Amino acid sequence: MRIKLSAIFSVLVFAFYPVLLLFLFHYYGYYNYNDLEYNQFSIDLIFVMSLSLFSASYFSFLFFRRKSLPSDLFIFFHGAIILIPYAALHQIRLRNNEHYLLDLVTLATPVFLIIALRRVVVNLPAISIASDKGLKVLLVFTSIVVLFFLFLTPPTTASFDFKSQYVRRLEARETYGSGTLIAYFSSMVMNGVLPFLAYLAARRKSWIFLIVPIFLFLLFYYLYGVKAPLLYIAIGYMFGLFSFPRYLNKFLFLCSLGLISVLIFAVFEIQFRGYSYLEVYLIRRVFYAGQYLNATYFDFFQSYDVNFFTGMRKGIEATMYVGENILGHAGANANTNTFTHYLVQNGILGYLFAVFGVSIVFTLFDNLSKKNTHFYFVSFLFGILILEQSFTTSLLSSGIILIAILSYITKPSDYTHSNDNHR
């Protein structure tokens, strides 16, 4: 097997990645955010070396494989955003060694199960009743219909004003409700359909068609004041520029370079300017706060307030309880990854449900990708969303099931199949 230099370099990058994250927090992050009750911790050579070895071994599995599958995207992002950073920053909330190792097993189990299920072959009947062109028309039409009903009762604060976006967001929730049909369809379109349209635009190499999801986003921004769908659109378009599975490793390699570049640039910002925008608006929120929340959820699970088997008392939402009663922020919704969330919300039974549920979904996507490579994007979007929300929420209200079903019944176009053969 020929080993590419990019793969070797990427593994070396990930040997350095958690160490850089560790040092960044230890020497800068802790002192910048000491009012947030983050715990400072010591760094010893044995821990740094074992952390580097763990990280390099984990990602070498991805970069030295002959066959690429959609589930590789989950394994990469779960490792890069959740598992490896937690291994580096677990002491941010004083998790001792015994609990820390158990935490790692809890976070790593979904990865091992997905790998184990890769041998499972699922043969579903081939259904091709729509073309990619018809798919795009249907998705755009659905988005317009949803917006039509939203504009029948717009919030009084609806505008393009940047400063009032949070006020607009709160009023939109009151206007359209939570758990209502229109709220569900709005979430599906914003989080699933618009990024999928951007992905399709990239696959067709059509800058003009990219205008459609951007224009639709602006209308949603006018009503809801949400910015995240624009990021999803950008990510969807960039993802579509790669041919899968042929260039999956190249895509992951560029993602690894992007992550390490963010950390290095933040160090230079702090060193020469004394302040880092990247650390404040990205690194702190994704890594420091993310791993502090993970440790908080693990701590809470071991408390008397959570039943080991069934989790929290019925009717109490874990994200709100943790945000308000443990972190002490009124109205705070402390989202975390789907596995930790289910562990606290529904106990060990809920955790096993999430682990098997996510693994089965990715097993299906791996098999269906042989028919239509759109399932690489579906897996990518699903893997990103469950980093901070329930997997059932991602499947339903974020539109994963919708675009998965539509991809399943769509006949693969030349640009999705001809050059995308498994290596």
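Keep in mind the model is a prediction, meaning the values are calculated, not measured.

Here is what the cut-offs are and how they apply
Residues numbered from 1 in each chain as written. Predicted model: local features only at pLDDT ≥ 70, side-chain atom pairs only at ≥ 80, totals over all residues. Heavy atoms only, no water. Helix = DSSP H or I, 4+ residues; strand = E, 2+ residues; numbered from the N terminus. Buried < 20%, exposed > 50% of the residue type's maximum accessible area, 1.4 Å probe, protein only. Contact = heavy atoms within 4.5 Å. Areas by Shrake-Rupley, 256 points an atom, 1.4 Å probe, with all protein chains shown as cover. Lys, Arg positive; Asp, Glu negative; His and termini not counted. Charge placed at Lys NZ, Arg CZ, Asp CG, Glu CD. Salt bridge = Lys/Arg side-chain N within 4 Å of Asp/Glu carboxyl O. Polar contact = N/O pair within 3.5 Å; in protein donor to acceptor, adjacent residues only side chain to side chain. Core = buried A, V, L, I, M, F, W, Y, C linked by side-chain atoms within 4.5 Å. Patch = residues over 30% accessible without salt bridge, like charges linked within 9 Å, V, L, I, M, F, W, Y side chains within 5 Å. Axes fitted to C-alpha atoms, helices over the stretch in contact; angles between N-to-C directions. Parallel < 35°, antiparallel > 145°, perpendicular 65-115°, else oblique. Left-handed = near helix turned anticlockwise from the far one by under 90°. Nonpolar A, V, L, I, M, F, W, Y, C, P; charged D, E, K, R; others polar.

## Describing the overall build of the chain
Thought 1: Counting secondary structure elements, the chain contains 17 helices and 0 strands.
Thought 2: Expressed as a percentage of the 423 residues in the chain, the buried residues total 53%.
Thought 3: Here the contacts in the chain between residues at least 6 apart in sequence split such that 76% fall between residues at least 24 apart.
Thought 4: Surface exposure of the chain reaches about 20000 Å², of which carbon and sulfur atoms provide 66%.
Thought 5: On the chain, the mean spot of the 30 positive side-chain charges and the mean spot of the 20 negative ones are 14 Å from each other.

## Brief notes about the side chain of Asp132
Thought 1: Its location among the elements puts Asp132 in helix α5 (residues 132-152).
Thought 2: Within the buried core, Asp132 has no salt-bridge partner, and the shortest N-O distance to an opposite charge, that of Arg204, equals 6.0 Å.
Thought 3: In terms of polar contacts, Asp132 uses its side chain to reach the side chain of His374, at 3.1 Å.

## Some details on the nonpolar core
Thought 1: One finds Phe76, Phe251, Tyr288 and Phe382 to be the most contacted residues of the largest nonpolar core, which totals 136 residues.
Thought 2: For this core, the leading source of residues is helix α3 (residues 71-89), giving 14 residues.

## Observations regarding unusual backbone geometry
Thought 1: We note that Lys205 has phi near 55°; this positive angle belongs to a residue other than glycine.
Thought 2: By the secondary structure assignment, Lys205 is in the loop between α7 (181-203) and α8 (207-224).
Thought 3: Residue Lys205 is classed as exposed on the basis of its relative accessible area of 69%.

## Considering a nonpolar patch on the surface
Thought 1: Side chains of Leu124, Leu352, Phe356, Ile360 and Leu364 sit close together on the surface and give an oily, nonpolar patch of about 430 Å² of accessible area.
Thought 2: When you line up the elements, Leu124 lands in the loop between α4 (97-116) and α5.

## Focus on the pattern of salt bridges
Thought 1: Scanning all chains against the criterion turns up 3 salt bridges.
Thought 2: Arg118 is the salt-bridge partner of Asp72, the closest N and O atoms lying 2.5 Å from each other. Separated by 46 residues along the polypeptide, Asp72 in helix α3 and Arg118 in the loop between α4 and α5 bring together distant segments of the chain. Accessibility classification places Asp72 together with Arg118 in one group, the buried group.
Thought 3: Arg93 is paired through a salt bridge with Asp299; the nearest N and O atoms lie 3.0 Å apart. Linking Arg93 in the loop between α3 and α4 with Asp299 in helix α11 (residues 277-301), this pair joins segments that are 206 residues apart in sequence.
Thought 4: Residue Asp299 is classed as partly exposed on the basis of its relative accessible area, which comes to 26%.

## Points about the environment of Leu282
Thought 1: With respect to the secondary-structure elements, Leu282 resides in helix α11.
Thought 2: Setting aside its immediate chain neighbours within four residues, Leu282 contacts Val262, Tyr277 and Phe287.

## Overview of the side chain of Ser55
Thought 1: Among the secondary structure elements, Ser55 is positioned in helix α2 (residues 45-63).
Thought 2: The residues touching Ser55, leaving out its near neighbours within four places in the chain, are Phe14, Ala15, Pro18 and Ile84.

## Here's the deal with the packing of helix α13 (residues 338-368) against helix α14 (residues 374-385)
Thought 1: Relative orientation of the contacting elements α13 and α14 amounts to 160°, with a least axis distance of 9 Å. It follows from the interaxial angle that α13 and α14 lie roughly antiparallel. Handedness of the crossing formed by α13 with α14: left-handed. Between α13, through Val358, Val361, Phe362, Phe365 and Leu368, and α14, the contact on the second element is made entirely by Phe375, Val378, Ser379, Phe382 and Gly383.
Thought 2: Considered class by class, the residues forming the contact of α13 with α14 number 8 nonpolar, 2 polar and no charged.

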